[in-house]
Amino acid sequence: MIDKEYTVEQFIKSNKSFYNVLYSTGYPSIDFYIKIELLILYYRYNLSSISQLSQSKQNIIYNLLDGKYTISHNQIILSNQNIPLSYLINLINEIKTINKNGKIAKIIPFIAIKSTSEDSPKKEKNAENIIHLKKIQNSFNYTFKERSYIFEMTQRVDQDTLPFINANQNKINNKISTLIEKILLENYRNYTSFEISLLYTFISFYPFLEYAKEKYEPYLSELNINQSIIGLTKSTYNEPEISNLLAKIILLDQKQRQLSERIEYLSINPRNKFKIDSLKKQIKESKNIQQEILIDFYLQTRSPFIYNKNLLQYIMKSIYQSNIYINYSYDDPIIKFYYINNKKVEFYCAIHLSTLINLIDYNILSLPEKDSQLKLEVKNE
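Participant: Is there a simple way to explain the sheet that holds strand E6 (residues 334-341) in this structure?
Facilitator: Two strands in a sheet stick together by hydrogen bonds in their backbones, pointing the same way (parallel) or opposite ways (antiparallel). One open sheet accounts for 4 strands, arranged E4-E7-E6-E5; its pairing is antiparallel. Either end of the sheet is taken by a strand with one partner, and the two such strands are strand E4 (231-234) and strand E5 (324-327). Here the average twist between neighbouring strands, direction ignored, is 15°. Pairing of E6 with strand E7 (residues 344-352), which is carried by 8 bridges, proceeds in the antiparallel orientation. Considered in E7, the bridge of Lys336 is made with Ala350.

Listed below in structure tokens is the structure:
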């Protein structure tokens, strides 16, 4: 669609201008396209409140979030309707009212925690009625910083870490939502350089990873991302080749455990030495094969084709989930992103702000624009 090509080019142009202000003493221009990106971020952060709006207003917002729109002459064209920007901005006031009335639900509701096999007592009569008071007391006594440390070290989602996860989500959600409200409703300009940088990182991803994702995804592998300065401690991969490698690693683990159990059983009788030596040899061979697969796994997950897309998409998901923890102890703040799905952490990454704002390289990702311009020229001939 030619209109969508034009729209994404305008998003990129506006974001470039915004980026240039990061290295100057001025204020960024909050133009029409930046306002749309900020609105989309605001709506993402207030989905629970949006569900309280009328159905027609919800439909407009959800179509906007799904990228089912184009922009022409500062008009948002959505389902053959022209939606004024002022109408979308005015919806913020309705959302604010809903938030003040306390109708908004928690981002992640409290999860009932079941005892793991490690935590649960040995089977005994009425064991399920035993309450470990010391453990409960410890959980209540943790400070916010201690809970954040436990979460970072263990990446558990349980009674020890949930208070941190929920409180931090609400903190980030309120901070960013309030900032966007001030910018769009009050023409607020008194923000700090850190706030400008943080907002830029959020909107810089939008054209490439959401609005025109299908077009730009093949080019993400060309980004020069320095993996050595990014603290990626956990990630989940959906690529078939990675899933196959993981499946092989798991099968080899199971095989090694079975062989070890067999050796333990046979070691009771000294006459089984020959069989035990044979099983030990099989374990060693299995571990060698597993080591080769692990090296292959490491190399593939670190290849730009997989690493870049995976990193950027998960950072985007973490942003929308409000799972961002900011460490201000450094001149160059460290931002930690984590994504939770089905009560499990799928992704955890720590990155300096200066690195984060430079992940998107317009010189590389603008290449598809040239392709689209050539196609347009051909069509016009």
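Structure shown, so let's carry the discussion forward.
Participant: Honestly, the packing of aromatic side chains in this entry has me stumped. Any pointers?
Facilitator: For any two aromatic rings, the description comes down to two numbers: the centre-to-centre distance and the angle of the planes. Under the definition given, this model contains 24 aromatic pairs. For the ring pair Phe144 and Tyr325, a centre distance of 6.5 Å and an interplane angle of 50° mean the geometry is tilted. A residue pair is termed long-range when its members are at least 10 positions apart, and Phe144 in helix H7 (residues 144-154) and Tyr325 in strand E5 qualify at 181 residues. Grouping aromatic residues by their ring pairs yields a cluster made of Phe11, Phe32, Tyr33, Tyr69, Tyr206 and Tyr211. A cation over a ring is seen here: Arg44 above Tyr320, with NZ or CZ 4.8 Å from the ring centre. Above the plane of the ring of Tyr339 lies Lys317, whose end atom (NZ or CZ) is 5.3 Å from the centre.

Participant: Even after reading the chapter, I still don't get the packing of helix H12 (residues 240-266) against helix H13 (residues 273-301), so can you show me in this structure?
Facilitator: In a pair of packed helices, the angle between the axes and the distance between the axes together describe the arrangement. Where H12 meets H13, the axes come as close as 9 Å, and the angle between the chain directions of the two elements is 160°. Of the possible angle classes, the one that applies to H12 and H13 is roughly antiparallel. Crossing hand, H12 versus H13: left-handed.

Participant: Is there a simple way to explain H13 in this structure?
Facilitator: In this model, H13 (29 residues) spans 41 Å end to end at C-alpha, consistent with the 42 Å of a helix rising 1.5 Å per residue. Of the positions making up H13, those classed as buried are Ile276, Leu279, Ile283, Ser286, Gln290, Ile293, Phe297 and Thr301. Residues of H13 that are buried sit in contact with H12 and helix H14 (304-320).

Participant: In this structure, what is going on with the sheet that holds strand E2 (residues 75-78)? I would like to understand it.
Facilitator: In spatial order, the strands read E1-E2-E3; together these 3 strands make up an open sheet with antiparallel pairing. One side of each edge strand has no neighbouring strand; the edge strands of this open sheet are strand E1 (70-72) and strand E3 (81-83). With direction set aside, neighbouring strand axes in the sheet form an average angle of 40°. The pairing of E1 with E2 spans 3 bridges and is antiparallel. Pairing of Ile71 across the sheet is with Ile76, part of E2.

About the cut-offs
Residues numbered from 1 in each chain as written. Predicted model: local features only at pLDDT ≥ 70, side-chain atom pairs only at ≥ 80, totals over all residues. Heavy atoms only, no water. Pairing = 2+ DSSP bridges. Helix = DSSP H or I, 4+ residues; strand = E, 2+ residues; numbered from the N terminus. Axes fitted to C-alpha atoms, helices over the stretch in contact; angles between N-to-C directions. Phe/Tyr/Trp six-rings, centres within 6.5 Å; stacked < 30°, edge-to-face > 60°. Lys NZ or Arg CZ within 6 Å of the ring centre and 35° of its normal. Parallel < 35°, antiparallel > 145°, perpendicular 65-115°, else oblique. Left-handed = near helix turned anticlockwise from the far one by under 90°. Expected span 1.5 Å × (residues − 1). Buried < 20%, exposed > 50% of the residue type's maximum accessible area, 1.4 Å probe, protein only. Contact = heavy atoms within 4.5 Å.

Spatial relationships are all this shows, so hold off on functional conclusions.
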